[in-house]
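The primary structure of each chain is shown beneath.
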Amino acid sequence: FKLVNNKRRKKGLDTLEYTYALNEVALKYQNEFELRRFKNTSSVERKIKKSLGSRTKKAGFDGGLVLPILAEFEALDYDGKSEYFIDRNKTDSEFKLYYGKKPRKNEVNPQRKPIEAFDYWTFAKKLLKNLESENKKQLYAKSYKWGGLHLQWYYKSLNKRKIPQIKMVFLLGGFATAGMR
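(A) Spatial organisation of the sheet that holds strand β5 (residues 144–153). Across the sheet, four strands lie side by side as β1-β5-β6-β2; this open sheet has mixed pairing. Each of the sheet's edge strands pairs with one partner strand only, and the pair in question is β1 (17–18) and β2 (65–74). Alignment of β2 against strand β6 (residues 165–174), held across ten bridges, turns out to be antiparallel. Of the residues in β6, the one forming a bridge with Val66 is Gly173. Docked against the sheet, helix α3 (residues 41–59) engages β2 and β6, running at close to 140° with respect to β2. Together, β2, β5 and β6 form the strand contacts of helix α4 (residues 120–139), whose direction differs from that of β2 by roughly 135°.

(B) Structural view of the nonpolar core. If you look at the biggest cluster of nonpolar residues, it comprises 24 residues, and the most contacted ones within it are Ile69, Leu127, Leu131, Leu139, Met168, Phe170 and Leu172. Every element with two or more residues in this core is listed here: α1 (2–10), β2, α4, β5 and β6. The element contributing the most residues to this core is α4, with six residues.

(C) The arrangement of the environment of Lys126 in detail. Tracing the backbone shows Lys126 in helix α4. Here the alpha-carbon distance between Lys126 and Asp87, two residues 39 residues apart in the chain, equals 27 Å. Those residues in contact with Lys126, other than ones at most four positions away along the chain, are Phe73 and Phe118.

(D) Region of the structure containing the pattern of salt bridges. What the rule picks out here adds up to four salt bridges. A salt bridge links Glu132 to Lys7, with the shortest nitrogen-to-oxygen separation between them at 3.6 Å. Of this pair, Glu132 sits in helix α4 while Lys7 sits in helix α1, and the two are 125 residues apart along the sequence. For Glu132, a relative accessible area of 16% gives the class buried.

(E) Broad picture of α4. The first and last C-alpha atoms of α4 sit only 20 Å apart over 20 residues, clearly below the 28 Å expected at 1.5 Å per residue. Its maximal kink placed at Ser133, α4 deviates by approximately 80°. Among all positions of α4, only Phe123, Ala124, Leu127, Leu128, Leu131, Glu132, Asn135 and Leu139 are buried. Buried residues in α4 make contact with α1, β2, β5 and β6.

About the thresholds
Residues numbered from 1 in each chain as written. Predicted model: local features only at pLDDT ≥ 70, side-chain atom pairs only at ≥ 80, totals over all residues. Heavy atoms only, no water. Pairing = 2+ DSSP bridges. Helix = DSSP H or I, 4+ residues; strand = E, 2+ residues; numbered from the N terminus. Contact = heavy atoms within 4.5 Å. Axes fitted to C-alpha atoms, helices over the stretch in contact; angles between N-to-C directions. Core = buried A, V, L, I, M, F, W, Y, C linked by side-chain atoms within 4.5 Å. Buried < 20%, exposed > 50% of the residue type's maximum accessible area, 1.4 Å probe, protein only. Salt bridge = Lys/Arg side-chain N within 4 Å of Asp/Glu carboxyl O. Expected span 1.5 Å × (residues − 1). Bend = angle between axes of the 7 residues up to and from the residue.

Below you can see the structure in the form of structure tokens.
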């Protein structure tokens, strides 16, 4: 949220105000789509748009324009192409994922580099870069004045031979006539 506001400020736009009502609705949508992937964001966004207006009104948001932006991104600093494996017996890595091939039982002193988790700031920067490629027009539109954001683990990707994913629901709110005000 802070990085989006920094970019908006650099572009000469008003910053987004954090709104509890939009954040609450984003959380409810996260809970509804808890076991669903956000890889094909357009289909999930269409489902959200059907009931978004009424839900935000019920939550107390009075803006006439509301837009969902969804994303799913890797939580680990994985290069995207290297081979990796899971070793549930090791405790030196939180997610127990390591680069390379799984060591054989007869291998003496196997050393593998763990796949490190992002810190929050680095994750936010990578997520924003990913968002800008698809949703730049919406993120930096003058008509949006408020925002609500919720991040959540995609639970089916945890503790498996998968790179853990984090899903995001970002709701932008404003008025269609914002440029006239």
